[in-house]
Structures are given as structure tokens and as C-alpha cells.
Amino acid sequence: MSAPYELRPLDLSDAGLAPVTDLLRTVFPEAGHFTPEVLRWQYVHNPDGAAVGFNAWAGGTLAAHYVTIPLRAVVHGVEEPGLLSLNTATHPQHQGKGLFTRLAEATYAAGAAQGRGFVVGVANANSTPGFTRKLGFQLVAPLDARIGAGPLPWRADAPAPRFAPVHDARKLAWRLAHPAYRYGRAVQRDHTVLLSARRMKGFRFVLGVEPGSPEAGGLPRVAPPLLKAFIGLDPAMRWSGSTYWNVPMKFRPAPLNLIFKDLSGRGRQLEAGAVRFHATDFDVL
């Protein structure tokens, strides 16, 4: 007989986040960024609002966890509040019980009750079917993965995207204050490239591109690196004829997909070619 599970909304106190940190470390032992400091930064200090999610408990044991964090985005030309799907984990002893689906459904119902209009996320190849088949997400598109040399082929005069997270000064400063990672900025022509300190075989990871020369949370200004790696979607990127090479799926360590779920009841979907979504908007770098 399966254990009875109690679903509870997240407890965002330090005591409430401690078992979540332990569970994430158990399920993902190689992910060193799951620390109390990172969870407080993600779940509590986000200027767009506190995390929305649920835990499944089996008695005094945390069996599973799912969380989204609020973000604002322009959707079909109108700014609105939504959710970013983030961490999910089920303890090995409680897998195969359908807990992820139950937690996700409870989370989206809570988000919709708060007036959140959508959920957006990035899923790998293994987790994408669970979101699309069981939870009704749209598979928008695989994220671009490009490596190359020289300036990014970003055009400031490109038409505005139909979906784009909002980066005001407060949100950008929070995002760039990640406790586990460090960033820099390089100003190139009419835009600023945000760069992760991480490198892969000599390529510096691009966190995102911002129009103009924003302060970018007081990041140090660095010389534009020659070799760069970009992960995301942006209709302002003109890859054709550029010096940036598409990384074939078979060479990507973990191909990533952008997924979207409408919570407004209008059945909205996104157009892949009209979406701006950079690494700034999800937590991989």
C-alpha cells in the first residue's frame, strides 16, 4: 500500500527551506549550487514576488518538491505577471507515485488564483514529455545553442518580440546578484553583453543582451571576449551569415526546450520566432 502524501504550500522560512535544500542535494548530488543562500535568493528575495510551489510530505519526510518563481513578461504586447518553472525533485524512495504532476497542478492553480497569466520554463529532453503530455504545456522551440567569435549578431532595430521577460533595473540587479555565480558586462555598439564567469573549452558564456549601456547591477566592465557561447532565443539575433555556429543536438550535453502554459483560460500559445528568452531568464549559468 502506497504511503499517504500531504501536499503543503511552501514554507519560505529558513526552517522550511532546510529540508528542501537537503532533498535537492540528495536528488542532484553534483549540483553544488543548491545551498541555503541560493534558495533564499531565488525563493524569497525575487523583486517580482515570493516563490509559488508545493511540497509533498510522507509523515515527517519531505518526499517531493516543486517550485515556480514569479516573473513579469510582455505577452502578445501586454505586460503581465507570470511564473517561471524552476526546481523539481522527488526522493528516490517516493518516485513513480505521480507526485510531480500533483504538485505542479496545485502550484498552477495557486498561481492562477494570484492572477498569474502563464507559466514558462526550460525543460531538458527527459522532462519535456512530462510537461507537455501530463500538464498541457506547449513545446515552443528548442533553445538556440551557438558558439562563435566576434560581436554577437544582435540588431537593436529588430521588431519587438511577442514574448519577452521584463528586465527593469531592480530585477536585473537581483538576477545578477546570484550567490553562486559571478558576472561581468561588455559594451558593444548599441547593446551590453552580460557574461558569466564560467567558460567551456575557451568559450565565455553569454548570460544575455540588454539594449544600450545599463548599469547592470554594478557589474565590472570587461573586455569583450573573442569566443562566446549563447543559449536562448531572440528574434533580434541574425545568425545567418554570422560567425556563430549552431551546435548540433548530438553534441549538446543537455538539449533544452522552451515550454509555455497559459493560465488565463484563453488558450494562448507562443510563436517560436517571436520569443526573447535568454539565459538571464532561467538559472543555468
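The rules behind these values
- Residues numbered from 1 in each chain as written.
- Predicted model: local features only at pLDDT ≥ 70, side-chain atom pairs only at ≥ 80, totals over all residues.
- Heavy atoms only, no water.
- Helix = DSSP H or I, 4+ residues; strand = E, 2+ residues; numbered from the N terminus.
- Rg over C-alpha atoms; globule rule 2.2 N^0.38 Å.
- Buried < 20%, exposed > 50% of the residue type's maximum accessible area, 1.4 Å probe, protein only.
- Contact = heavy atoms within 4.5 Å.
- Areas by Shrake-Rupley, 256 points an atom, 1.4 Å probe, with all protein chains shown as cover.
- Lys, Arg positive; Asp, Glu negative; His and termini not counted.
- Charge placed at Lys NZ, Arg CZ, Asp CG, Glu CD.
- Salt bridge = Lys/Arg side-chain N within 4 Å of Asp/Glu carboxyl O.
- Polar contact = N/O pair within 3.5 Å; in protein donor to acceptor, adjacent residues only side chain to side chain.

K.L.:
Sorry, what's going on with the overall build of the protein here?
P.N.:
From N to C terminus, the protein includes 5 helices and 15 strands. For the protein, the C-alpha radius of gyration of 19 Å lies close to 19 Å, the compact-globule estimate for 285 residues. Projected onto its principal axes, the C-alpha positions of the protein cover 60 × 40 × 40 Å. Per-residue burial for the protein yields a buried fraction of 53% across its 285 residues. The contacts of the protein with a sequence gap of at least 6 include a subset with a gap of at least 24, amounting to 75%. As displayed, the protein offers around 12,900 Å² of accessible surface, 54% of which is attributable to carbon and sulfur atoms. Distance between charge centroids for the protein: 6 Å, based on 31 positive and 21 negative side chains.

K.L.:
Teacher, can you tell me more about the pattern of salt bridges here?
P.N.:
Side chains that carry opposite charge are capable of pairing whenever their charged atoms lie near each other. Enumeration according to the criterion identifies 11 salt bridges in this entry. The residue R72 makes a salt bridge to E79 at a minimum N-O spacing of 3.1 Å. Via salt bridges that share partners, D48, R72, E79, D168 and K171 belong to a single interconnected network.

K.L.:
Would you mind showing me how to read the side chain of D234 here?
P.N.:
With respect to the helices and strands, D234 occurs in the loop between β12 (227-233) and β13 (244-246). Here W154 takes part through its side chain, which lies 3.2 Å from a polar atom of the side chain of D234.

K.L.:
Can you walk me through the environment of R238 in this structure?
P.N.:
Among the structural elements, R238 can be located in the loop between β12 and β13. The exposure class of R238 is partly exposed, given its relative accessible area of 33%. Residues R238 and F118, spaced 120 residues apart in sequence, show a C-alpha to C-alpha distance of 28 Å.

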